[in-house]
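# Topology and contacts: notes
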Amino acid sequence: MLSQSDTPLIDAIQRASQSVRAPFFFPGHKMGEGAPAPLREAVLGGAAGRTAPLRSDLPELPELDNLFSAEGPIHEAQQLASEAFGARSTHFLINGSTGGILAAVIACVQHFLSARQGGGGGR
């Protein structure tokens, strides 16, 4: 049973960032080690050798779950968010508000088209 004080996704990211030995994946800053000086200065305040914030900038590694078919830490985090928001379900999105707006519009259009084709809508 999950508690609102649990942080399944953060915990998984921390574990993954500590277990990666050779980051041959996107993003190209290689968990901070290959970050260009301007990025290190902007993100890390110019502190040489301090790459800890960038170590957690990871792609969808298998141990971090799959956003489109969540079964692990993302699923658990979405369940916790649903409980906190009092919602039936919660789905995380990427690409900021644009991704969320597009998803909402597509869902509404699909619902409208389904109703117009006799899929549950009345006249």
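See above for the structure.
Presented here is an overview of the structure given in this document. Everything numeric in this text was worked out from a predicted model, so none of it was measured.

## Structural notes on the overall build of the protein
Each helix and strand in the protein was counted, giving 5 helices and 0 strands. When the helices and strands of the protein are listed from N to C terminus, the series reads α-α-α-α-α. A burial count over the protein gives 24% of its 123 residues as buried. Across the protein, contacts joining residues at least 24 apart in sequence account for 47% of those joining residues at least 6 apart. About 8800 Å² of surface is accessible on the protein, with carbon and sulfur atoms providing 58% of the total.

## Description of the nonpolar core
One finds A12, A16, V20, F25, M31, L58, L61 and L64 forming the largest nonpolar core, which totals 8 residues. Leave out the neighbours within four places in its chain, and A16 touches L58, L61, E63 and L64.

## Things to note about the side chain of S82
Locating S82 in the fold gives a position in helix 4 (residues 73-85). Here S82 falls in the buried class, since its relative accessible area comes to 7%. Ignoring sequence-local partners within four residues, the contact set of S82 consists of A87, R88, S89 and T90.

## A few points about the side chain of T90
Here T90 is to be found in the loop between helix 4 and helix 5 (96-116). The buried category is assigned to T90, whose relative accessible area is 13%. Not counting residues up to four positions away in its chain, the partners in contact with T90 are Q78, A81, S82 and F85.

## Some thoughts on a nonpolar patch on the surface
Nonpolar side chains collect at one region of the surface, where I101, V105, V109, F112 and L113 lie side by side and expose about 460 Å² of accessible area between them. With respect to the helices and strands, the residue V105 is situated in helix 5.

## A word on the packing of helix 1 (residues 8-19) against helix 4
The interhelical angle for the contact between helix 1 and helix 4, taken along N-to-C directions, is 155°, at an axis separation of 7 Å. The orientation of helix 1 with respect to helix 4, classified from their angle, is roughly antiparallel. Facing P8, L9 and A12 of helix 1, the residues of helix 4 in contact are P73, I74, E76, A77 and L80. Per-class residue counts for the contact of helix 1 with helix 4 are 7 nonpolar, no polar and 1 charged.

## Structural notes on unusual backbone geometry
In the Ramachandran plot, D65 falls in the positive-phi region, its phi being about 90° despite a non-glycine side chain. Looking at the secondary structure, you find D65 in the loop between helix 3 (52-55) and helix 4.

Quick notes on the rules
Residues numbered from 1 in each chain as written. Predicted model: local features only at pLDDT ≥ 70, side-chain atom pairs only at ≥ 80, totals over all residues. Heavy atoms only, no water. Helix = DSSP H or I, 4+ residues; strand = E, 2+ residues; numbered from the N terminus. Buried < 20%, exposed > 50% of the residue type's maximum accessible area, 1.4 Å probe, protein only. Contact = heavy atoms within 4.5 Å. Areas by Shrake-Rupley, 256 points an atom, 1.4 Å probe, with all protein chains shown as cover. Core = buried A, V, L, I, M, F, W, Y, C linked by side-chain atoms within 4.5 Å. Patch = residues over 30% accessible without salt bridge, like charges linked within 9 Å, V, L, I, M, F, W, Y side chains within 5 Å. Salt bridge = Lys/Arg side-chain N within 4 Å of Asp/Glu carboxyl O. Axes fitted to C-alpha atoms, helices over the stretch in contact; angles between N-to-C directions. Parallel < 35°, antiparallel > 145°, perpendicular 65-115°, else oblique. Nonpolar A, V, L, I, M, F, W, Y, C, P; charged D, E, K, R; others polar.

Geometric values such as these leave the question of function open.
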